[in-house]
Amino acid sequence: MLGAGMVHGVRLRGGRAEWYRSRWVRSADVAARLGERYRGPQPPPAEDFAGNTHVIGYRGRVLALKESGPLPYELDGDLNTVGPCDFDRTLDGSFAAHPKFDPHTGELHAVTYAIEWDHVRHIVLDRAGHVARTTRIPVADSPMMHDFGLTEKYVVLFDNPIAFDPEAARAGALVPYAWNDRHPARVGLFPRAGGPTTWFDIPPFYFSHTLNAYDDNGRVVVDFTCMPAPFEPAGRGLGGPAAAGPPSLHRWTIDPVRGVVRTVRVDDRPQEFPRINDAYAGRRHRYGYTAASVDLFRAYGPAVGHTGVRAGNALVKHDLLRGTPQVHRLPRGADASEPVFVPAEPGAGVGPGDTRARAAR
Ligand SMILES: [Fe+2]
């Protein structure tokens, strides 16, 4: 979240790892620090930041991303920096760390925020890779919206009680956001077809990452990781405490008609960075994958005392139909981070009996 981004990559081909490499993302500032001539287009200073939060492949481009201000930086297949990306001059300002690609429509969706905005922006890029529309959704207190959910019908917004903190900003905090008890926690359903956002109050906690979301007979199901309240973002107040407790996996079932949000803790063991097979993004999924890592829990807080798997270096595969997690432990010294699902062959990753997921493809 803080320093200039470095991208790491492994090229896998024919069952072999051809290379591993790491490269600094060359923003104008990073290139200057490395004593290199910057060749890309010069972005405005506020938008010149070497993306450090997430990496996606999109329409043949590799994009290094960061929320709240900067443009994405485009990289080539060897991880060299091409330059800042404004999607052929169609993006006006801030982008997001965790955009969602809808494999059924070819759209890329993002929810963006920036310091002191009185709204967040829902941005849709069309099949041509250009921003097709931007909708401003009013919010109070300039909250941090790190991630969101996307279903066939809805954009699911997470209005956390982590909000812009003018005092922290005046003190020079790198992340001028803090837990705000006066800011209610809400989940919002913004219709993809347009219309007002419907908000639902929820108990306060820090929503961190979406595993997936989908529509289910008029209800909306969201699987996600979250931290107990009060969560404080790293770097607040010039490097304050990181967090109150480790994240775990939850499910919301939102009933827009009855105005009810049902929360179930799917797995109370510490885990983060949830992913699915991206072919099912926005549609009913059966499996999800998370990381359980010693380093992760050093950062988030103590992990002892939880049931089952203690904080170890492991990947967890969740069968959300049967409710059975499967733990793959990594060798001593190895450390799990965000898993990426790569199907062994087209259509792989669907279990027996998962006909609804097959039908959704
Ligand atoms: Fe993230």
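Residues numbered from 1 in each chain as written. Predicted model: local features only at pLDDT ≥ 70, side-chain atom pairs only at ≥ 80, totals over all residues. Heavy atoms only, no water.

## A word on the overall build of the protein chain
Heads up, the rule is: Starting at the N terminus, helices and strands are each numbered in turn, a helix being any DSSP run of H or I of at least four residues and a strand any DSSP run of E of at least two. Type-normalised accessible area, obtained with a 1.4 Å probe on protein chains alone, sets the label of each residue: buried when under 20%, exposed when over 50%, and partly exposed for intermediate values. It only takes one pair of heavy atoms within 4.5 Å for two residues to be counted as in contact. Working definition of accessibility: Shrake-Rupley area with a 1.4 Å probe, residue cover restricted to the visible protein chains.
The secondary structure content of the protein chain amounts to five helices and 24 strands. Within the protein chain, buried positions represent 53% of all 361 residues. Counted over contacts in the protein chain with a minimum sequence separation of 6, partners at least 24 positions apart contribute 55%. Just so you have it, the protein chain exposes about 17,200 Å², and 50% of that area is on carbon and sulfur atoms.

## Side note on the pattern of salt bridges
Cut-off, in case you're wondering: We define a salt bridge as a contact between a side-chain nitrogen of Lys or Arg and a carboxyl oxygen of Asp or Glu at a distance within 4 Å.
Summed over the entire model, instances satisfying the criterion amount to 20 salt bridges. Here Asp 78 makes a salt bridge to Arg 11, at a shortest N to O gap of 3.4 Å. Highlighted residues: Asp 78 in the loop between strand 5 (73-75) and strand 6 (81-84) and Arg 11 in strand 1 (residues 6-13), separated in sequence by 67 residues. In this structure, Arg 21 engages Asp 78 in a salt bridge whose closest nitrogen and oxygen atoms are separated by 3.5 Å. A residue pair is termed long-range when its members are at least 10 positions apart, and Arg 21 in strand 2 (residues 16-24) and Asp 78 in the loop between strand 5 and strand 6 qualify at 57 residues. Classification of Arg 21 as buried rests on a relative accessible area of 19%.

## Quick notes on the layout of surface pockets
Note the cut-off: The way it works is a 1 Å grid over only the protein atoms, where trapped points that fit a 1.4 Å probe form a cavity and open points with protein on both sides within 12 Å along at least five of seven lines form a pocket, and then any residue with an atom within 4 Å of a point lines it. Grid points are joined across faces, edges and corners, and a volume is the space filled by probe spheres set on the points. Under this grouping Gly is polar, as are all residues other than the nonpolar Ala, Val, Leu, Ile, Met, Phe, Trp, Tyr, Cys and Pro and the charged Asp, Glu, Lys and Arg. Residue ranges labeled as domains rest on an automatic or database domain assignment.
Volume-wise, the second largest pocket comes out at about 310 Å³. Class assignment for the residues of the lining of the second largest pocket results in 13 nonpolar, one polar and three charged. Mapping the lining of the second largest pocket onto the domain boundaries places at least three of its residues in each of domain 1 (1-117) and domain 2 (139-268).

## Description of unusual backbone geometry
Here the phi dihedral of Ser 68 falls at roughly 60°; this positive angle occurs in a residue that is not glycine. Considering the arrangement of structural elements, one finds Ser 68 in the loop between strand 4 (61-65) and strand 5. You will see that Leu 79, though not glycine, has its phi angle at about 75°, which is positive. Here Leu 79 shows up in the loop between strand 5 and strand 6. Of the residues examined, Leu 79 reaches a relative accessible area of 9% and is grouped as buried.

## Here we look at the coordination of the iron ion
Basically, it comes down to this: A 2.8 Å cut-off from the metal defines N, O and S donors, relaxed to 3.2 Å for Na, K and Ca; water is not in the atom list, so some sites may appear incomplete.
Within the first shell, the iron ion binds the protein through His 98 (NE2), His 146 (NE2) and His 209 (NE2), at distances of 2.0 to 2.1 Å. Along the chain, the residues donating to the iron ion are arranged with the sequence spacing H-x47-H-x62-H. Here His 98, found in the loop between strand 6 and strand 7 (100-101), pairs with His 146, found in the loop between strand 10 (131-138) and strand 11 (149-150); they are 48 residues apart in sequence, far enough to count as distant. His 146 shares its class with His 98; the two are buried.

## Let's talk about the sheet that holds strand 3 (residues 54-58)
To be explicit about the condition: Here, strands pair whenever DSSP counts at least two bridges between them. To define axes, lines are fitted to C-alpha atoms, for helices over the stretch in contact only, and angles between the resulting N-to-C directions are given on a 0 to 180 degree scale.
A sheet is described by the order of its strands in space; here four strands give the open sequence 3-4-5-6, paired in antiparallel fashion. Unpaired on one side and paired on the other, strand 3 and strand 6 mark the two borders of the sheet. Within this sheet the neighbouring strands show an average axis-to-axis angle of 30°, counted without direction. Note: strand 5 against strand 6, three bridges, orientation antiparallel. The residue bridging Leu 75 from the neighbouring strand is Thr 81, located in strand 6.

## Considerations on the pairing of strand 8 (residues 108-112)
Across the five residues of strand 8, five count as buried, placing the element largely inside the fold. Burial along strand 8 is two-sided: Leu 108, Ala 110 and Thr 112 facing one way and His 109 and Val 111 facing the other are all buried. As defined by bridge partners, strand 7 adjoins strand 8 across two bridges and the pair is classed as antiparallel. If you follow Lys 100 over to strand 8, its bridge partner there is His 109.

From the geometry alone we can't say anything about function, so treat these as descriptive.
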